[in-house]
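Coordinate analysis (summary)
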Amino acid sequence: MGMALRVAPATRTTVGRDFLTLGDYTADEVLRLLDRAAYWKAARGGAAAPQPLSGKSVALLFLKPSLRTRVSFDVALHELGAHPVHLAGGDVGFGHREPTPDIAHVLSRMVHGIIVRGHRHEDIEELAAAASIPVINALTARYHPHQALADLLTLRERFGHLAGLRLAFVGDGNNVAHSLMLGAARTGIHFRIACPEGYAPEAALVAQAEGWAADTGGSVRIVREPAEAVEAADAVYTDVWVSMGQDGETEARTAAFRGYVVDEALMRHAAPHAVFLHDLPAHRGLEVTAGVIDGPASVVFDQAENRLHTAKAILEAVLGGGA
Ligand code: CP
Ligand code: NVA
């Protein structure tokens, strides 16, 4: 299955392509994005930081709240020389004011790319299928690929490499877990996720990740017990128990995830040098204790900053420009 899903040959250019899931990007392309993000991080504030997107305009269509994603893409566009056009869901009437393909056609006549945060992934796919310009996924209910790139960059900065690392995810098999699992499989990481029954990652995505992990030397394992996932891990990751759009499930989810708190006792199962990651926003006292997220192992603000550098890498990759 993994072999069949390896769609993009390494030599294919990234310019003009969508960025909807890491599944559409080869291992080489993912590593190239990380290298470019590291370049942009080092170049930031330098006298001659290039502006490869000068003269371009990009729409940002956010149908859900955001701090990190919205600010990182806005600042990235500004620093790369492009003009951001912000659209809230209410402005556009997404899903009810006009057919989604019409939105895609109109934006394709006016701007050079669309960054979109939406609910159903299928809606974003419909937008991308009709658009003649690149569409970048800024989070859907199924994926958060920009987040995963920033997470991989953060891990590579900390450990100097990705292949062979042991990464434990504790909690919901959600959008963040899906993209992290795919990114880990692409880069040779051993990914273990501990989740309660009924909250595992989608089986098709697990199969996709397992196929890639077999190629890269990584692995994917789903377990029930948090301590089993975290045992000897180099990095421990968690996310919210109730994602945007799931407010009606708050009670059931809070009950289901009660034993999945990342606290000091759980972190003691990890390697002594282990780092703690969270995509944020976080809820101290629910999925993570204040002692862990505000403690010395936490790299959550490196992750947040790396959203900016990875946003630049994604933008230049699909919109053109740069080395
Ligand atoms: N981690 C993340 O995507 O944050 P925002 O929802 O604030 O963009
Ligand atoms: N899983 C969370 C991630 C937020 C960045 C959500 O979808 O709300």
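You'll find the structure just up there.
Here the structure is a predicted model, which is why all the values come from computation and not from measurement.

Our next topic: the pairing of strand β7 (residues 219-223). Pairing analysis gives five bridges linking strand β6 (residues 190-194) to β7, with the strands arranged parallel. Looking across to β7, one finds that Ala194 is bridged to Val223.

Now for the layout of surface pockets. Empty pockets left among the atoms are what a rolling probe the size of a water molecule brings to light. When its volume is computed, the largest pocket comes out at roughly 580 Å³. Of all the secondary structure elements, the ones that give two or more residues to the lining of the largest pocket are α2 (68-79), α5 (121-130) and α7 (175-186). Top element by residues in the lining of the largest pocket is α7. It accounts for three residues. In the lining of the largest pocket, the residues fall into twelve nonpolar, 13 polar and twelve charged.

Side chains of a nonpolar character, in soluble globular proteins, are inclined to be buried together. Residues Phe19, Ile115, Leu155, Phe191 and Leu315 are the most contacted members of the largest nonpolar core, which totals 60 residues. For this core, the element with the most residues is helix α13 (residues 300-319), which contributes eight residues. Discounting residues that sit within four places of it in the chain, Leu155 has contacts with Gly160, His161, Leu162, Leu165, Leu167, Ile189, Ala235, Val275 and Leu277. Tyr199, Ala282, Val288 and Val292 belong to the second largest nonpolar core, which has 24 residues in total.

Taken in spatial order, the five strands of this open sheet run β7-β6-β5-β8-β9, and their pairing is parallel. Across the chains shown, the open sheet's two edge strands, defined by having one partner strand only, are β7 and β9 (275-278). Neighbour-to-neighbour, the strand axes of the sheet open up by a mean angle of 20 degrees, direction not taken into account. With five bridges connecting them, strand β5 (residues 166-170) and β6 associate as parallel partners. Note on β6: the bridge partner recorded for Leu167 is Phe191.

In the neighbourhood of ligand 1, the contacting residues comprise Ser66, Leu67, Arg68, Thr69, Arg117, His144, Gln147, Asp279, Leu280 and Arg307. Here a nitrogen atom of ligand 1 sits 2.9 Å away from a polar atom, N or O, in the main chain of Asp279. In the environment of ligand 1, a nitrogen atom lies 2.8 Å from a nitrogen or oxygen atom belonging to the backbone of Leu280. If ligand 1 stood free it would expose 250 Å²; the protein chains cover 95% of that surface. Assessed atom by atom at 2 Å from the grid points, ligand 1 resides in the largest pocket. By residue class, the composition of the shell around ligand 1 is two nonpolar, four polar and four charged.

A full pass over the atoms with the stated rule returns six aromatic pairs. With 5.0 Å between their ring centres and 70 degrees between their planes, Tyr39 and Trp40 make a pair best called edge-to-face. A residue is classified by how much of its surface remains accessible, and Tyr39, at 32% relative accessible area, is partly exposed. Arranged with centres 5.9 Å apart and planes meeting at 15 degrees, the rings of Trp241 and Phe257 form a pair that is stacked. Note that Trp241 is positioned in the loop between β8 (235-238) and α10 (250-256) and Phe257 in the loop between α10 and α11 (264-267), a separation of 16 residues in sequence. Here the aromatic cluster, defined as three or more aromatic residues joined through ring pairs, consists of Tyr199, Trp241, Phe257 and Tyr260. Stacked on the ring of Tyr25, the Lys or Arg Arg17 has its end atom at 4.5 Å from the ring centre. Over the ring of Trp212 we find Arg186, and its NZ or CZ is 3.6 Å from the ring centre.

Ligand 2 sits among Leu139, Asn174, Asn175, Val176, Asp239, Val240, Ser243, Met244, Asp279 and Leu280. The separation between an oxygen atom of ligand 2 and a polar main-chain atom of Met244 is 2.8 Å. Across the complex, the protein chains shield 94% of the 270 Å² of accessible surface that ligand 2 would expose by itself. Among the cavities detected, the one that contains ligand 2 is the largest pocket. Residue composition of the shell around ligand 2, by class: five nonpolar, three polar and two charged.

Cut-offs applied
- Residues numbered from 1 in each chain as written.
- Chains lettered and ligands numbered in written order.
- Predicted model: local features only at pLDDT ≥ 70, side-chain atom pairs only at ≥ 80, totals over all residues.
- Heavy atoms only, no water.
- Pairing = 2+ DSSP bridges.
- Helix = DSSP H or I, 4+ residues; strand = E, 2+ residues; numbered from the N terminus.
- 1 Å grid on protein atoms, 1.4 Å probe; cavity = no way out; pocket = protein on both sides within 12 Å on 5 of 7 lines; lining within 4 Å.
- Points joined across faces, edges and corners; volume = space filled by probe spheres on them.
- Nonpolar A, V, L, I, M, F, W, Y, C, P; charged D, E, K, R; others polar.
- Core = buried A, V, L, I, M, F, W, Y, C linked by side-chain atoms within 4.5 Å.
- Buried < 20%, exposed > 50% of the residue type's maximum accessible area, 1.4 Å probe, protein only.
- Contact = heavy atoms within 4.5 Å.
- Axes fitted to C-alpha atoms, helices over the stretch in contact; angles between N-to-C directions.
- Near = heavy atom within 4 Å.
- Polar contact = N/O pair within 3.5 Å; in protein donor to acceptor, adjacent residues only side chain to side chain.
- Areas by Shrake-Rupley, 256 points an atom, 1.4 Å probe, with all protein chains shown as cover.
- Sits in = over half its atoms within 2 Å of the grid points.
- Phe/Tyr/Trp six-rings, centres within 6.5 Å; stacked < 30°, edge-to-face > 60°.
- Lys NZ or Arg CZ within 6 Å of the ring centre and 35° of its normal.

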